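Here is how the chains run, residue by residue.
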Amino acid sequence: MGLDQDRYTKSNQAYEVACSLMPGGVNSPVRAFGGVDEKPIFIAKAKGSHIFDIDGNEYIDYVGSWGPMILGHAHEKVVGAVKAAAENGTSFGAPTLNENTLAAMVKRAFPSIDKMRMVSSGTEAVMTAIRLARAYTGRDCILKMSGGYHGHSDSLLVSAGSGVAEFAKPGSPGVPAELAKLTIVVPYNDINTLSAVLNMHGSRIAAVLLEPVAANVGVLVPQDGYLEIVRDLCDMNGSVLIFDEVITGFRVALGGAQELYKIKPDLTCMGKIVGGGLPAAAFGGKGEIMDLLAPLGPVYQAGTLSGNPLATAAAITTLEILSGGGCYEKLEKTSAALAGGIKKAADEAGVAITINRVGSIMSVFFTDKPVFNYEQVKTTDSGRFKKFFSLMLAGGIYLAPSAFEAMFISLAHSEDDIQKTIAAARKAFKAIKEL
Ligand SMILES: *Cc1c(COP(=O)(O)O)cnc(C)c1O
């Protein structure tokens, strides 16, 4: 608790009320600031790269709603599109032209996608992708990477077993052990363990599921050749390769990590940016797999609000802007300047950090070692991260309230934002060094 509580009177009051109404006072756990020993800040509004709390404090925002807000908040064109769509009705439960338009845009950006289906959350997208993979292969097991987050569906809310290549344990009470046993967890960036598991259990493994750039334990960069070998191993084993691009899709390149690293997965899951800041997500891939879905095929999946008119309007506008040219160059330039400035400030203060970055997602790990997988993330200094978080927040910089989350840079972040952020980081590192 490093914050001057006088500046958060209204948030603290609202939090107390919220705690009597919602478990932990929030509708998604990480919002509670438990990972940084602080109390949550209630947001009143946001514009561009800036976010404002209900006490009137202003911050430069690097959470961006955990990824969707790549254009910045309340982008004029997106707001306009949503308003116009709302005038014509907010949901019909019947097909609309905008669904065709959005699907065609997604397909253009992702050549690995023949057909897609829209859903309302990333959780649903991945949950259905693994159902499809199981149906397509007639196998039951799923292989995922440790620390990879794919939403909270039962099969994926698991933690690694005790030994290498062990079947997983429930990651939460309420997940049946029998179901968790159908998931195998191996370290990210570790080809040896992956091939050992495939040798041992390959005939049972329906899918290998991973975030091509892992971004839910901080950012982990795939090592040279890693994704290619994963692709080859899946082909040899007859397993479906599923890329969870809920964060990386439209983020690290228009066509996601699969464009950046030139790998074609069999199925791709998208969320966050593909909803343009509204609740929407999607999954898609090879026609012969996707055509197993009802009503064409036997695999069931449905959604009352899927392809929602407000969400498709926001998404189409967002993707139009992102396709317009120059966006990813600008994001790269802004993000490189931020990463370089933060690293220099830490070096000057004598605080050891490692920055992992791919385009506009990055993380600052408090360690003097490289960080390639979750096992290494867990050895970084989370105490220092907590201090850093509080000092940055006090300095007007809103970072993700967890040592295990990424920073998201948007097109709205200006040169001035970056310089202010680096200045705040410089102060924070000095204070951390003196502790
Ligand atoms: C956020 C996220 C999800 C889950 O998406 P929700 O919309 O929160 O259900 C799945 N996979 C990855 C990689 C994510 O970052």
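Treat the numbers as computed from the prediction; the structure is a model and nothing was measured. (Residues numbered from 1 in each chain as written. Predicted model: local features only at pLDDT ≥ 70, side-chain atom pairs only at ≥ 80, totals over all residues. Heavy atoms only, no water.)

**Details of the pairing of strand S11 (residues 267-270)**
Two faces, one strand: in a regular strand the side chains alternate between the faces of the sheet. Of the two faces of S11, both are covered, the one formed by Leu267 and Cys269 as well as the one formed by Thr268 and Met270. Where strand S10 (residues 240-244) lies against S11, 3 bridges are found, and the strand directions are parallel. Within S11, the position partnered with Asp244 by the bridge is Cys269. One crossover worth recording links S10 to the parallel S11 by way of helix H8 (residues 256-261), and it is right-handed. Strand direction decides the pairing type here: S11 and strand S12 (residues 281-285), joined by 4 bridges, are antiparallel. Opposite Leu267, over in S12, you have Gly285 as the bridge partner. (Buried < 20%, exposed > 50% of the residue type's maximum accessible area, 1.4 Å probe, protein only. Helix = DSSP H or I, 4+ residues; strand = E, 2+ residues; numbered from the N terminus. Pairing = 2+ DSSP bridges. Right-handed = clockwise from strand over helix to strand, strands pointing away.)

**Focus on the nonpolar core**
Core analysis: the biggest nonpolar cluster contains 41 residues, and Tyr62, Leu338, Phe366, Phe388, Leu393 and Phe429 have the highest contact counts within it. Among the secondary structure elements, those contributing two or more residues to this core are strand S3 (58-61), helix H11 (327-349), strand S14 (361-365), helix H13 (382-394), strand S15 (397-398) and helix H14 (415-434). Looking at this core element by element, the count peaks at 7 residues for H14. In this structure Phe429 touches Ile342, Ala345, Ala346, Ala349, Val351, Ile353, Phe366 and Phe388, once residues within four positions along its chain are discounted. Listed in part, the 30 residues of the second largest apolar core include Ile113, Met118, Ile316 and Leu322. (Core = buried A, V, L, I, M, F, W, Y, C linked by side-chain atoms within 4.5 Å. Contact = heavy atoms within 4.5 Å.)

**Topic: the site of the ligand**
Taken together, Ser121, Gly122, Thr123, Tyr149, His150, Gly151, Glu211, Asn216, Asp244, Val246, Ile247 and Lys272 are the residues near the ligand. A distance of 3.3 Å separates a nitrogen atom of the ligand from a polar atom in the backbone of Tyr149. Coverage of the ligand by the protein chains reaches 83% of its 380 Å² of free accessible surface. Taken together, the residues of the shell around the ligand break down into 3 nonpolar, 6 polar and 3 charged. (Near = heavy atom within 4 Å. Polar contact = N/O pair within 3.5 Å; in protein donor to acceptor, adjacent residues only side chain to side chain. Areas by Shrake-Rupley, 256 points an atom, 1.4 Å probe, with all protein chains shown as cover. Nonpolar A, V, L, I, M, F, W, Y, C, P; charged D, E, K, R; others polar.)

**Remarks on the packing of aromatic side chains**
Inspection of every chain in the model, using the stated rule, returns 9 aromatic pairs. Arranged with centres 5.9 Å apart and planes meeting at 55 degrees, the rings of Tyr59 and Tyr398 form a pair that is tilted. On the criterion of sequence distance, the pair formed by Tyr59 in strand S3 and Tyr398 in strand S15 is long-range, its members being 339 residues apart. Comparing Tyr59 with Tyr398 shows no difference in burial state: the two are buried. Taken together, the ring pairs in this structure connect Phe33, Tyr59, Phe389 and Tyr398 into an aromatic cluster. Over the face of the ring belonging to Phe52 we find Lys45, whose NZ or CZ atom lies 5.1 Å from the ring centre. (Phe/Tyr/Trp six-rings, centres within 6.5 Å; stacked < 30°, edge-to-face > 60°. Lys NZ or Arg CZ within 6 Å of the ring centre and 35° of its normal.)

**Regarding the packing of H11 against H14**
For the pair H11 and H14, interaxial distance at closest approach is 9 Å and the crossing angle is 25 degrees. Comparing the axis directions of H11 and H14 gives the class roughly parallel. Where H11 crosses over H14, the two elements pack in a sense that is right-handed. Every residue of H14 that contacts H11 at Thr334, Ala337, Leu338, Gly341, Ile342, Ala345, Ala346, Glu348 and Ala349 is listed here: Ile418, Thr421, Ile422, Ala425, Arg426, Phe429, Lys430 and Lys433. Considered class by class, the residues forming the contact of H11 with H14 number 10 nonpolar, 3 polar and 4 charged. (Axes fitted to C-alpha atoms, helices over the stretch in contact; angles between N-to-C directions. Parallel < 35°, antiparallel > 145°, perpendicular 65-115°, else oblique. Left-handed = near helix turned anticlockwise from the far one by under 90°.)

**Some words on the sheet that holds strand S4 (residues 115-119)**
Ordered by their spatial adjacency, 7 strands build an open sheet running S4-S12-S11-S10-S9-S5-S8, and the pairing between neighbours is mixed. The open sheet terminates on both sides in strands that have one partner only, identified here as S4 and strand S8 (183-186). Averaged over all neighbouring strand pairs, the angle between strand axes comes to 20 degrees, with direction disregarded. Set on the sheet, helix H7 (residues 226-237) makes contact with strand S5 (141-145), strand S9 (205-210) and S10; between it and S9 the angle comes to about 170 degrees.

**Things to note about the domain arrangement of the chain**
Domain annotation of the chain identifies domain 1 (5-74 + 325-434) and domain 2 (76-322). A separation of 26 Å is found between the C-alpha centroids of domain 1 and domain 2. Listed per partner, the contact involves 31 residues of domain 1 and 32 residues of domain 2. Summed over both partners, the interface of domain 1 with domain 2 comes to about 2,500 Å²; 65% of that surface belongs to carbon and sulfur atoms. Considering only the side of domain 1, the residues that lose the most area to domain 2 are Tyr328, Val358 and Phe372, jointly responsible for 25% of the buried surface there. (Domains from an automatic or database assignment. Buried area = accessible area lost by both parts, 1.4 Å probe.)

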